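Single-letter residue listing:
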Amino acid sequence: MKCKRCNNSDKDKFYKWNGSWYCRNCIRFGKVEVNQEIIPPDLTSNQIDTSYVLDYELTNEQQELMEEIDSRIHEKPMLIYAACGAGKTETTMEQISNYIREGKKVGYAISRRQVVLEIAERLSHAFKEVKVTPVCAGYTTEVDGDIIVCTMHQLHRYHQTFDLLIMDEIDAFPYEGNVILQSLAQNACRGELLLLTATPNEQLKEQVRKNEINQVTLFKRHHGHPLVVPKILCMPKVVQYLFLMYLCLKHKDKKWIIFLPTIAQVQQVFHAMKYLCKCSNITSKSEDKEQVMEDLRCGKIQVVFATTILERGITIAGVNVCIVGAEHQVYKESSLIQMVGRVGRKREYPSGYAYILASKKTKEMKQCVQTIKWMNQDHSNV
Ligand SMILES: [Zn+2]
């Protein structure tokens, strides 16, 4: 017995009902019987102008990367390993354009809902004549488009649909380690697969070593400035909070995202600091995330206290970052790199402050600094 949607063949995960077996493994996406053929959705494809415009000129590195993607995309799945803020989404646009021009379907899947909306916005800004449809919680009435940007969860709608499937931040929660989502993704793609990340996990590195997937790299940011190397400062907890107060008061003209390891700490520090500066907080429990980010963007507030929920996919011009209590176990090397990677993404603000405050220096912190320094080296001969 095998489920054609999620590839499950574990018989303990099949249940008999009304004389037929169905798969419990992927039941949250609707009931599917064993051996039931999954019918791909009936989607349209249009003859349209697939040219795109970017707000900046691509760098030589980006151009070269695009050419390399173009020449090798048909070989096997390809991993684009690019630094935070290197412009990896842009390097996929040439392929997106080519596929749509041929009347093919393009999917762009990413873990977080917020980032779905941001990417959809960026793509529709670039592709003026192309219909870009975001599909995620709250956006499910329209599920067809020339480019479908969706959360990993929504891939269940697109069985055998995409000729080009781009999967962004594949090392992020909830995709990483989630076998069901991975099978849905596999089954949604009937053509080529592009995988994007700034922090590949061991599994991906292993696949590259075994030559199961191709890898291309882009470590130079599009504005040419190096990645910001964080300063690690070791001090007792109490002093860390004093340092925070000092930062917010001294740099009243600057924007900050202050990361704390737990929701309780975010709320505590926010309540203590709200009399000192214009600030707000974001955790997985916040319902006004988008509003808070907008307030930070437009300068209505100066500081956002947040959990790792903001570590990825967020671009705020001129933002600085401080990570408090960084020895906490939630902070893996990849989270630290992602959080620090929020700094200096925009051409107008290519640099900024990145502090890691901890009571002791951990292996993860050292690796984070090492990896960022390594990315900043000249890789042109590699
Ligand atoms: Zn299933």
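Predicted model, so just to flag it, every value in this text is computed and none were measured.

Rules used throughout
- Residues numbered from 1 in each chain as written.
- Predicted model: local features only at pLDDT ≥ 70, side-chain atom pairs only at ≥ 80, totals over all residues.
- Heavy atoms only, no water.
- Helix = DSSP H or I, 4+ residues; strand = E, 2+ residues; numbered from the N terminus.
- Rg over C-alpha atoms; globule rule 2.2 N^0.38 Å.
- Buried < 20%, exposed > 50% of the residue type's maximum accessible area, 1.4 Å probe, protein only.
- Contact = heavy atoms within 4.5 Å.
- Areas by Shrake-Rupley, 256 points an atom, 1.4 Å probe, with all protein chains shown as cover.
- Lys, Arg positive; Asp, Glu negative; His and termini not counted.
- Charge placed at Lys NZ, Arg CZ, Asp CG, Glu CD.
- Pairing = 2+ DSSP bridges.
- Axes fitted to C-alpha atoms, helices over the stretch in contact; angles between N-to-C directions.
- Core = buried A, V, L, I, M, F, W, Y, C linked by side-chain atoms within 4.5 Å.
- Domains from an automatic or database assignment.
- UniProt positions renumbered as here; feature names shortened; annotations may be inferred.
- Polar contact = N/O pair within 3.5 Å; in protein donor to acceptor, adjacent residues only side chain to side chain.
- 1 Å grid on protein atoms, 1.4 Å probe; cavity = no way out; pocket = protein on both sides within 12 Å on 5 of 7 lines; lining within 4 Å.
- Points joined across faces, edges and corners; volume = space filled by probe spheres on them.

**Section: the overall build of the chain**
Secondary structure assignment for the chain yields eleven helices and 15 strands. In terms of C-alpha radius of gyration, the chain reaches 22 Å, essentially the compact-globule figure of 21 Å for 382 residues. C-alpha extents for the chain along the principal axes are approximately 65 × 50 × 40 Å. Out of the 382 residues in the chain, the part that is buried amounts to 53%. Partitioning the intrachain contacts of the chain with sequence separation of at least 6 by distance along the chain shows that 73% fall at a separation of at least 24. With the model as given, the accessible surface of the chain reaches about 18100 Å², and the carbon-plus-sulfur share is 48%. Counting 50 positive and 44 negative side-chain charges, the chain places the averaged centre of each group 8 Å from the other.

**Some points on the sheet that holds strand β5 (residues 132–135)**
By definition, the strands of a sheet pair up through backbone hydrogen bonds, in either a parallel or an antiparallel sense. The seven strands lie next to each other as β5-β6-β4-β7-β8-β3-β9, forming an open sheet whose pairing is parallel. Each edge of the open sheet is held by one strand with a lone partner, namely β5 and β9 (214–218). Strand-to-strand, the axes of this sheet are offset by a mean angle of 20°, without reference to chain direction. Alignment of strand β3 (residues 78–82) against β9, held across five bridges, turns out to be parallel.

**Some details on the environment of V324**
As for its placement among the helices and strands, V324 is situated in the loop between β14 (319–323) and α10 (333–340). Residue V324 is classed as buried on the basis of its relative accessible area of 0%. Setting aside residues up to four positions removed in sequence, V324 forms contacts with Q240, Y241, L244, I258, F259, L260, P261, Y331 and L357.

**Considerations on the nonpolar core**
Residues L123, I147, L310 and I323 are the most contacted members of the largest nonpolar core, which totals 72 residues. Formed jointly, this core draws a minimum of three residues from each of two domains, domain 2 (60–218) and domain 3 (231–370). The residues touching I147, leaving out its near neighbours within four places in the chain, are I96, I100, V106, L123, F127, V130, K131, V132 and T133. C26, Y158, Y175 and L195 belong to the second-largest nonpolar core, a separate cluster that totals 30 residues.

**Let's talk about the UniProt feature "domain: Helicase ATP-binding" (unreviewed entry) in the chain**
Per the UniProt record, "domain: Helicase ATP-binding" (unreviewed entry) is found at residues 69–218. Split by type, residues 69–218 is 33% helix and 27% strand. Its first and last C-alpha atoms lie 12 Å apart.

**Quick look at the environment of H328**
With respect to the element layout, H328 can be found in the loop between β14 and α10. Assessed through its relative accessible area of 27%, H328 is described here as partly exposed. C-alpha separation for the pair H328 and V208, spaced 120 residues apart in sequence, amounts to 30 Å. With sequence-adjacent residues up to four places away left out, H328 is seen in contact with P261 and T262. Of note is the side chain of H328, whose polar atom sits 3.1 Å from the backbone nitrogen of V330.

**Concerning empty space enclosed by the protein**
Under the counting rule described, the total for this entry stands at two cavities of 30 Å³ or more. Every residue along the wall of the largest cavity is listed here: C84, R221, L227, V228, I337, V340, G341, V343, I372 and M375. Of all the elements in the fold, those that place two or more residues in the lining of the largest cavity are α10 and α11 (363–376).

**Brief notes about the pairing of strand β1 (residues 14–17)**
Sheet topology note: the β1/strand β2 (residues 20–23) ladder contains four bridges and is antiparallel. The partner of F14 across the bridge, within β2, is C23.

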